[in-house]
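As a plain string of letters, each chain reads:
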Amino acid sequence: MPGVPSNKACERCKKRHLKCDETRPSCQRCANAGVECPGYVQTRKFIDQGASVRKRYAPYHESTGRAHVGKSPEAAIGGHSASPTLNADQSVATSLGTTQSRPEVLSPGDKAIGEANSFKVPSPVQECKTGSAEPMHIDPMHRGTSQLATERPTVDIAPFDRTLGATDRSIRSNPVTPMNVAEAYGLSDGTYSGANQNLVSPHGRQTSSGSPSQRSEKEEFQDIFSELMTGTEHELAFLTRHFSETLGPWLDLSDSRKYFAGYVPVRAIGDQYLKYAMAALAAKHLGRMKGAKLSAVRGMFTSPSTMESYPNSSQVDWFLKAANYYYLAVSNMGSAISDAYATMSSSDILATPVEIVKQWVTRHLNNPGAVNLSDESATSSFWRKTENLLAASAILTIYKLLDEPGESWQSYLSDIRPLFDSLLQLHSTLSDSTPTFSQGTSATFWNFARLDYLASYYNRSPTHLDSENLSLWRSAGILIDDEGNPTSGVRLSSSSFVLSQEDIAANSLIRLLNKVVNFLSESKNPQWSLWSMQSSPDPATPSSTGTSPHSYPTTAIWLKLCFEFQTWIERASEMFRPCLRIEHPKDISKLPDIHYMPFPEVFYSLTPCASTMQQFHFGRLALALNRPSDAVSGPSTVFDRLQSYRELMKEADFRCREICGIALGRPQSAARIYMIPLLYAVGQCTENSEQRQIIVDLLRGIEADLGWATTSQVQKLQSVWRSR
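Calculation notes
Residues numbered from 1 in each chain as written. Predicted model: local features only at pLDDT ≥ 70, side-chain atom pairs only at ≥ 80, totals over all residues. Heavy atoms only, no water. Helix = DSSP H or I, 4+ residues; strand = E, 2+ residues; numbered from the N terminus. Buried < 20%, exposed > 50% of the residue type's maximum accessible area, 1.4 Å probe, protein only. 1 Å grid on protein atoms, 1.4 Å probe; cavity = no way out; pocket = protein on both sides within 12 Å on 5 of 7 lines; lining within 4 Å. Points joined across faces, edges and corners; volume = space filled by probe spheres on them. Nonpolar A, V, L, I, M, F, W, Y, C, P; charged D, E, K, R; others polar. Core = buried A, V, L, I, M, F, W, Y, C linked by side-chain atoms within 4.5 Å. Contact = heavy atoms within 4.5 Å. Polar contact = N/O pair within 3.5 Å; in protein donor to acceptor, adjacent residues only side chain to side chain. Axes fitted to C-alpha atoms, helices over the stretch in contact; angles between N-to-C directions. Parallel < 35°, antiparallel > 145°, perpendicular 65-115°, else oblique. Phe/Tyr/Trp six-rings, centres within 6.5 Å; stacked < 30°, edge-to-face > 60°. Lys NZ or Arg CZ within 6 Å of the ring centre and 35° of its normal. Left-handed = near helix turned anticlockwise from the far one by under 90°. Expected span 1.5 Å × (residues − 1). Bend = angle between axes of the 7 residues up to and from the residue. pLDDT = per-residue confidence, 0-100. Salt bridge = Lys/Arg side-chain N within 4 Å of Asp/Glu carboxyl O.

> What exactly am I supposed to notice about the overall build of the protein here?
Regarding its fold elements, the protein presents 28 helices and 8 strands. Looking at the protein as a whole, 45% of its 724 residues qualify as buried.

> Got a minute to help me understand empty space enclosed by the protein in this structure?
Empty pockets left among the atoms are what a rolling probe the size of a water molecule brings to light. Scanning the entire structure with this criterion turns up 6 cavities of 30 Å³ or more. Size it by volume and the largest cavity reaches roughly 90 Å³. Considering the residues around the largest cavity, the lining is formed by 14 residues, among which Ser254, Asp255, Ser442, Ala443 and Trp446 are closest to the centre. Among the elements that line the lining of the largest cavity, the one with the most residues is helix H19 (residues 439-459), at 6 residues. The residue inventory of the lining of the largest cavity, partitioned by class, reads 6 nonpolar, 5 polar and 3 charged. Reported here for the second largest cavity is a volume of approximately 60 Å³. Lining the second largest cavity, in full, are Leu253, Ser254, Arg450, Ala506, Leu509, Ile510, Leu513, Pro608, Ser611, Thr612 and Gln615. Where the lining of the second largest cavity is concerned, the elements lending two or more residues are helix H21 (501-535) and helix H23 (607-625).

> Whenever I open this one, the nonpolar core confuses me. Can you help?
Soluble globular proteins: nonpolar side chains tend toward being buried together. Membership of the largest hydrophobic core comes to 137 residues, with the highest contact counts inside it found for Leu239, Phe260, Ile395, Phe420, Phe445, Leu679 and Trp708. Contacts of Ile395, omitting those with residues within four sequence positions, involve Phe243, Leu251, Phe260, Val264, Ala277, Met278 and Leu281. Among the nonpolar cores identified, the runner-up in size contains 7 residues, and Cys10, Cys30, Cys37 and Tyr40 belong to it.

> Explain unusual backbone geometry here, please?
Keep in mind that most residues, glycine aside, have a negative phi and that most peptide bonds are trans. Not every positive phi belongs to a glycine, and Lys258 is a case in point at roughly 55°. Along the chain, the position of Lys258 falls in the loop between helix H11 (233-251) and helix H12 (259-267). By relative accessible area, Lys258 is classed as partly exposed at 36%. Positive phi is not limited to glycine here, since Arg666 has a value of about 55°.

> I would appreciate a short explanation of the side chain of Glu308 in the present structure.
Structurally, Glu308 can be placed in the loop between helix H13 (272-288) and helix H14 (318-337). Separated by 3.0 Å, the side chain of Glu308 and the backbone nitrogen of Ser305 make a polar contact.

> How should I be thinking about the side chain of Arg657 in this particular structure?
Structurally, Arg657 can be placed in helix H24 (residues 638-664). A polar contact is formed between the side chain of Arg657 and the side chain of Glu583, at a distance of 2.7 Å. Beyond its immediate chain neighbours, meaning those up to four positions away, Arg657 contacts Glu583, Pro598, Phe599 and Pro600.

> Would you mind showing me how to read the packing of helix H26 (residues 676-683) against helix H28 (residues 711-723) here?
In a pair of packed helices, the angle between the axes and the distance between the axes together describe the arrangement. Following both chains from N to C, one finds H26 and H28 inclined at 5°, their axes separated by 10 Å at the closest point. As far as their axial angle goes, H28 and H26 are roughly parallel. Seen from H26, the contacting residues are Ile676, Leu679, Tyr680 and Gly683; seen from H28, they are Gln713, Lys716, Leu717 and Trp721. A per-class count over the contact of H26 with H28 returns 5 nonpolar, 2 polar and 1 charged.

> Before we go on, may I ask you to explain the environment of Ile695 in this structure?
Relative to the helices and strands, Ile695 is located in helix H27 (residues 689-706). Remark: the alpha-carbon pair of Ile695 and Cys660, spanning 35 residues in sequence, is separated by 7.6 Å. Apart from residues no more than four positions distant in its own chain, Ile695 is found in contact with Cys660, Leu679, Val682, Gly683, Thr686 and Leu717.

> Hey, could you run me through the packing of aromatic side chains in this one?
Here the distance between the centres and the angle between the planes together describe a pair of aromatic rings. Under the criterion given, the structure shown has 25 aromatic pairs. Measuring from centroid to centroid gives 6.0 Å for Tyr259 and Tyr263, while their planes differ by 20°, and the two rings are stacked. Here Tyr259 and its partner Tyr263 are both found in helix H12, 4 residues apart, which amounts to about one turn of the helix. Measuring from centroid to centroid gives 5.7 Å for Trp446 and Trp473, while their planes differ by 45°, and the two rings are tilted. Of the two residues, Trp446 sits in helix H19 while Trp473 sits in helix H20 (residues 470-475), which places them 27 residues apart along the sequence. One aromatic cluster is present, built from ring pairs that chain together Trp250, Trp409, Tyr457, Tyr458, Phe618, Tyr680 and Trp708. Over the ring of Tyr399 we find Lys284; its NZ or CZ atom is 4.3 Å from the centre of that ring. The positively charged end of Arg450 is found above the aromatic ring belonging to Tyr674, 5.1 Å away from the centroid.

> Looking at this structure, how should I read the packing of H23 against H24?
The interhelical angle for the contact between H23 and H24, taken along N-to-C directions, is 160°, at an axis separation of 9 Å. By the angle class used here, H23 and H24 are roughly antiparallel. Read as a crossing pair, H23 and H24 show a hand that is left-handed. Here H23 contributes Ala610, Met613, Gln614, Phe616, His617, Phe618, Arg620, Leu621, Ala624 and Leu625 to the contact with H24, which in turn contributes Leu648, Glu651, Ala652, Phe654, Arg655, Cys656, Glu658, Ile659, Ile662 and Ala663. Each residue belonging to the contact of H23 with H24 can be placed in one class, and the counts come to 14 nonpolar, 2 polar and 4 charged.

> How do you make sense of H26 when you look at a structure like this?
Side chains three or four residues apart in an α-helix point the same way, a direct result of the helix having 3.6 residues per turn. Within H26, 8 of the 8 residues are buried, which leaves it mostly tucked inside the rest of the structure. What H26 keeps buried is the set Ile676, Pro677, Leu678, Leu679, Tyr680, Ala681, Val682 and Gly683. Residues of H26 that are buried sit in contact with H19, H23, H24, helix H25 (669-672), H27 and H28.

> Explain H11 to me, please; I cannot follow it from the model alone.
Compared with the 27 Å implied by 1.5 Å per residue over 19 residues, the 25 Å span of H11 between its first and last C-alpha is a close match. Along its length, H11 shows its largest kink, about 45°, at Ser244.

> How should I be thinking about the confidence of the model for the protein in this particular structure?
If pLDDT is low for a region, its predicted coordinates should not be looked at in detail. A residue-level look at the protein finds 64% of positions with pLDDT of 70 or above and a mean pLDDT of 73. Contacts from residues 45-49, a stretch scored under 50 in pLDDT, to residues over four places away or in other chains number 14 contacts. Long-range and interchain partners of residues 533-551, a stretch whose pLDDT sits below 50, account for 10 contacts in this model, where long-range means more than four residues apart.

> Would you mind going over the pattern of salt bridges with me for this structure?
Opposite charge on two side chains allows them to pair when their charged atoms are near. Tallied over the full model, the rule gives 21 salt bridges. Where Arg241 meets Glu245, a salt bridge forms, and the shortest distance between an N and an O atom there is 2.7 Å. Placement of both Arg241 and Glu245 in helix H11 is noted, with a separation of 4 residues, approximately one turn of the helix. Put simply, Asp466 and Arg417 hold a salt bridge, and the shortest N to O gap is 3.8 Å.

See below:
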């Protein structure tokens, strides 16, 4: 009949080939030897008595991933198990060697599964390869006297997540966190892999994901889970790290000490508005990237940490989260500058971040006694808070410009001039020495100065910052004399941080480009004035003369700017030379046909140097294309003018090739986001269809890789090309 034991001897007697007295629970031979009896094997034999018996004792499958402990013999399937729990040998073999959640009951006619002494416990790595979803458990109540349990330690293996590193996930034990819950539902690394046919539940159960109702339930769970993550420790850690690794370097382009990527996340520990500002920019960037993160800092073979991952990142409404964090940042900035018992008004919430910082500086400028100069700690705390407010305003300004067309940038920068003028006066009031900005203030200033001249170029309008305010530029860290000419030396600020030679050179070029853009805007104003006078002549309207504040720039001004550019490049360090250059790179996309690119590829070892040299060629291109005509020394004959045009074309072609060559060299993202206006300018100068397509691809690649909007520039270039 079914269920008759096939071996009566205990394991120890069987190995020693001795006759066992079969005493239960321990045989007499083991008791006399003073050792624990290992017990008796419960392997069964079955006699095939026809289809009725096979049907009655058919294998029973259950989705539960754990063997039932303490099950009565009557509850066992068909009475096949004579003990309350599974045999230790079968339990180990099932949990490590198969992917089923419960061992099958042997059907009639099957062979015995073998003896316990022939079984070997695999290593944890081997277990991972089998795809086991259950830890190994041996019941100490039932097998407490088992030799297998005493000689072989129990291995507790965590559930195996196929979406992450196999070895790493199986060996280490993870705490219960929101990410563990998300990983248990198949949400690893921010996305759900549709290739997996089954989802692993937190208890190891595998559930099918085929029906639409189940998919909708998962999507609802993901949405609810994402909403619950808003403002949590994990989400803020995830966004702060994304800012520090990816977006902070954008703001540290000319700051080798990495103030925004390194110092600001630490400062955010004590200032909520800094934490929310970083979270707002990071969330909006993820929304632009559809939840994808740059892979430059990720490992290839190891699993990411918890704070590097976000469940279902591609389906999260990052724009909504970004708007919430932006509101929290602005409201906390308003609360930080207000009195302890003052209430915020709606106008404070609607104010731009730059306006909030300006209110803070103006209030202390009008009431300098509010800062106790005799208390060094109070003074240091005031300037530290000012730095933090400035940093938050710069981050939130980038938040606004990330998806705005270039023509709209200037509206967000209208308050930077009164802000820094007031800040310079406040430095002079609170200090007897020459006003010098600290590291944080200087880093913020150069970000606004760079955005200022790029925004002004789009509209051919004057910059907000005055290039002739020499004390302001000196306080920011560049070395110029009373005439505005560069001087040698290293600038040491009041906070005792030393600017590198590359930082000083890059920042000096920003001021020079500021002057070039103002030169272009002054060239545009007289033309508009002349056209307005011709359309509606008015005797009372003053004409444009040489003494007019908007007089047409002369050749002398143009030559002075050219001389300053030449002086700058001669004084630049060797790091502004490219370390790699391919003059005629092959287009590998058209292999096996050999085709050469129309532009070179240029690579600089330092990203700030690559960006600075691109801006240098941009300034020279703008000057070459806007040289004023001189009635005295200008070309007098047709052939002289033709030769002048040929020289201009050579100059423009060289500058365009250098700008595109650096772009094709693929510098890091901090340089790529600031080359959008430069590529837009080059696109207006090109006539070759292949060169135009390369420029379009570069612009679209910036938006695809970095999330910075370039669609408006591409559309305008295509419109200009169609009109020619």
